[in-house]
Amino acid sequence: MTRFLKAAGYAVGLPAILLTAWWFGSASSTDPFWPPLSTIIETFPTTWTWDRIVADVFPSLARLGIGFGIAVVLGIVLGTAIGLSPTLRALSEPVLEFFRAVPPPVLVPIIALFAGYTGWLGKIITIALGCLWPILLNTVEGVRGLEPVLGDTARSYHLSRWRRLVFVVLPGASPRIFTGARQALSIGVILMVISELFGANRGLGAAIVQFQRSFAIPQMWTGVILLGLIGVLLAAVFKVVENRMLAWYLGQRQIERGE
Amino acid sequence: MSSSPSTLAPPARPRVGARPRRLRRSHDLRLGVVGVLIVLAGAETLSRTGIVNPDFLPPVTAMYAALFEMLGEGWFWEALWLTVRGWAIGLAAAMALGVVVGFVIGSVPFLRKVTSSTIEFLRPIPSVALIPLVILLFGAQPQSAFVLVLYAAFWQVLVQVLYGVADVDPVARDTARSYQFGPLRVARSVIYPTALPYILTAFRLGAAVALILEITAELVIGVDGLGRELGIAQSSNAVPETYALVIAIGLIGVAVNLLARFVERKALWWHPSVRSENS
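Caption draft 1: Spotlight on the overall build of chain A. The helix and strand tally for chain A stands at eleven helices and zero strands. Referenced to the eigenvectors of the C-alpha coordinate spread, the extents of chain A come out at roughly 75 × 60 × 30 Å. Split into buried and exposed, the 259 residues of chain A put 44% on the buried side. A separation of at least 24 residues holds for 73% of the contacts in chain A among residues at least 6 apart in sequence. Carbon together with sulfur atoms contributes 69% to the accessible area of chain A, which is approximately 13400 Å² in total.

Caption draft 2: Structural context of empty space enclosed by the protein. Applying the stated criterion to the full structure yields one cavity of 30 Å³ or more. Looking at the largest cavity, its volume works out to about 40 Å³. Along the walls of the largest cavity sit A:V193, A:L197, A:G205, A:I208, A:V209, A:L227, B:V128, B:I131 and B:P132, which together make up its complete lining. Looking at the lining of the largest cavity, the element that brings in the most residues is helix α9 (residues 204-213) of chain A, giving three residues. Residue composition of the lining of the largest cavity, by class: eight nonpolar, one polar and no charged.

Caption draft 3: Structural detail: the pattern of salt bridges. Scanning the model with the defined rule gives 14 salt bridges over all chains in all. Among the ionic pairs, A:R182 bridges to A:E242, the shortest N-O distance being 3.0 Å. Here A:R182 is found in helix α8 (residues 161-194), whereas its partner A:E242 is found in helix α10 (residues 217-245), with 60 residues between them in sequence. What makes A:E242 buried here is its relative accessible area of 8%. A salt bridge links B:R228 to B:D224; the nearest nitrogen and oxygen atoms lie 2.7 Å apart. The partly exposed category is assigned to B:D224, whose relative accessible area is 40%. Through salt bridges with shared partners, one network takes in A:R52, A:D56 and A:R202.

Caption draft 4: Structural detail: a nonpolar patch on the surface. Residue and element names in this part refer to chain A. On the surface, I66, I70, L74, L78 and W120 cluster together into a nonpolar patch covering about 410 Å² of accessible area. Per-element tally for the nonpolar patch: the top contributor is helix α3 (residues 50-84), with four residues. On the secondary structure map, I66 appears in helix α3. Accessibility expressed as a relative area gives 38% for I66, which makes it partly exposed.

Caption draft 5: View of unusual backbone geometry. Although it is not a glycine, A:H158 adopts a positive phi angle of roughly 60°. Residue position: A:H158 is located in the loop between α7 (148-156) and α8. A positive phi angle, near 60°, is found at B:N237, a position not held by glycine. Mapped onto the fold, B:N237 is located in the loop between α9 (226-235) and α10 (239-267).

Rules behind the numbers
Residues numbered from 1 in each chain as written. Chains lettered and ligands numbered in written order. Predicted model: local features only at pLDDT ≥ 70, side-chain atom pairs only at ≥ 80, totals over all residues. Heavy atoms only, no water. Helix = DSSP H or I, 4+ residues; strand = E, 2+ residues; numbered from the N terminus. Buried < 20%, exposed > 50% of the residue type's maximum accessible area, 1.4 Å probe, protein only. Contact = heavy atoms within 4.5 Å. Areas by Shrake-Rupley, 256 points an atom, 1.4 Å probe, with all protein chains shown as cover. 1 Å grid on protein atoms, 1.4 Å probe; cavity = no way out; pocket = protein on both sides within 12 Å on 5 of 7 lines; lining within 4 Å. Points joined across faces, edges and corners; volume = space filled by probe spheres on them. Nonpolar A, V, L, I, M, F, W, Y, C, P; charged D, E, K, R; others polar. Salt bridge = Lys/Arg side-chain N within 4 Å of Asp/Glu carboxyl O. Patch = residues over 30% accessible without salt bridge, like charges linked within 9 Å, V, L, I, M, F, W, Y side chains within 5 Å.

What follows is the structure, encoded as C-alpha cells:
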C-alpha cells in the first residue's frame with residue numbers, strides 16, 4: 001500500500017507543482033496573451049460546448065481516423081509485397097527514400113491543386129499520404145529483417161503461402177509496423193491541424209486559429225489545451241493497442257533483458 | 001521496445017548461395033535507377049497524354065525546367081539558406097538541451113521517477129498546437145519557427161537519451177565506482193559510450209522532425225524560407241514552380257537523411273552494428 005502511495009506521489013507530484021505554479025504565477029496576469037489559468041478554465045465549458053465538439057472536434061478526428069486507417073492498410077499491403085521481393089525492393093528503394101524524406105506538409109499545396117481544401121477529400125488524402133511512408137518503410141524493414149530460420153522452417157513444414165504470410169511474416173514484422181504506425185500517428189495529428197488552416201474551414205485546428213485571429217485569447221488557450229489533451233489521449237490509446245497486440249514480443253524482450 | 005535505435009538491430013544473416021556482395025550491390029543500384037526512371041516517365045506520360053489534367057500535374061520536364069530556372073535566381077538561394085539555418089539552429093538547440101537534460105535526469109533515479117509522468121504527458125502534445133501562440137508572440141518571424149522546431153525535436157532527443165542512459169551496464173557502472181571515478185568521469189567514459197548510439201538516433205529522428213516543423217512554420221505562418229515560397233507559388237497558380245519547390249524541399253529532406261546516416265557511421269565506427277555492416 002505504501003509502495004502504491006509512493007508511486008502515485010511520484011506520478012502526481014511534479015504535474016501538481018507545475019499546475020500550481022501556473023495557477024498562481026498567472027493569477028494576477030494582465031498580459032492579454034497570458035491570461036490567468038482560472039480564466040482559461042472558466043472559458044473551457046462555454047467554448048467547447050457539445051454542439052461545438054460535434055461540429056468541429058469529431059469531424060477532425062474522423063478525418064484523422066480515416067486517413068490513418070487507409071495508410072495502415074496500404075502501408076502494410078505494399079510494404080509486405082516490397083519486403084518479400086528483393087527485385088521489387090531494389091526497384092523501389094530510391095523512389096521510396098525520396099518520398100519518405102519529403103516533409104509531409106508540402107503535400108498540402110499539391111493536394112490543394114487536385115482536390116481543393118474545402119471538403120473532406122483533400123484533407124483525408126493529405127493525412128493518408130503523410131502517414132503512409134513511415135508505415136510502408138517500417139513494414140519493408142520488418143519483413144526483410146525476419147529471422148531466415150523462421151521462413152525456412154515454415155517452408156519445410158509446407159505451410160501454404162497464405163498461412164506463411166499470416167502466421168509467420170506479419171507477426172514477425174509487427175513490432176516494426178507498430179514503430180512505423182506510431183511515427184505516422186504523430187505526423188497524422190500535425191497534418192490534421194495543418195490541413196484545416198488552408199481556405200475557409202471547420203474543424204479543431206481551424207477553430208483554434210479562428211480564435212487567435214479574432215484575439216479571443218482565453219478561448220484560443222482552451223483550444224491549445226484541448227489539442228494537447230487529444231494528443232495525449234491518442235498516444236495512450238495507441239499504447240494500449242500496442243501492449244495488447246505485441247504482448248508476446250514485449251514479454252520476450254523483457255525476459256531477454258533479464259527483468 | 002520499438003523505440004530502441006534501429007542501428008542496434010542484428011544484421012541480416014547472409015544467405016547461403018547469395019551472389020557476391022559487390023555484384024549484388026551494383027545490380028540493386030541499376031534496378032533503383034530503373035525504378036526512378038519508371039516513375040518519372042510515368043508521370044510525364046500521364047501529364048502529356050492528358051490522363052491527368054496538366055494544369056494539376058505538369059510534365060516532369062516542365063517541373064525540372066522550373067527548378068533549373070530557380071537555381072539561377074537569388075531569392076531561391078536566400079530562401080534555401082533561411083530554411084536550412086532555421087532547421088540547424090532549432091535542431092542544435094534541441095540536441096544540446098535534450099542531451100544535457102537527459103543525462104541529468106537519466107543518471108539521478110529520483111529525478112527520473114519524479115519527471116516520468118510529466119514527460120509522458122508533455123511529449124505527445126502536438127507541436128502544431130503551439131502555432132496560434134507563436135503567431136501571437138512573434139508573428140512571421142524566425143522565432144516562431146524556432147519555438148516549434150525546438151519543442152518538436154526536444155522530446156525526440158530527450159526520450160532517446162533517457163533510454164540510452166538507462167541502457168548502461170550496471171556492472172560497468174559499479175566497476176567505475178569501485179575505481180573511484182568521479183561523476184564527470186563516469187559520465188564521460190561509462191555513460192557516454194553507451195548512450196552515443198541513442199544520441200545519434202535522436203539526431204536522425206530529430207533532424208527529420210525539425211525539418212517538418214520548419215517547413216510547416218514557413219508554409220502556415222509565413223516565416224521566410226522555401227515553405228513560404230511554396231505557399232506563394234501555389235496561391236499564385238504557378239504550378240510547375242510549386243512542384244519544383246516541392247522537389248527542392250524533398251531533396252533537402254534526402255540530404256538531411258544522408259547527413260544523419262553519415263554522422264552515425266562516422267561516430268560509431270567502433271560499434272558492433274556498424275562494424276558488422278562493413279565487414
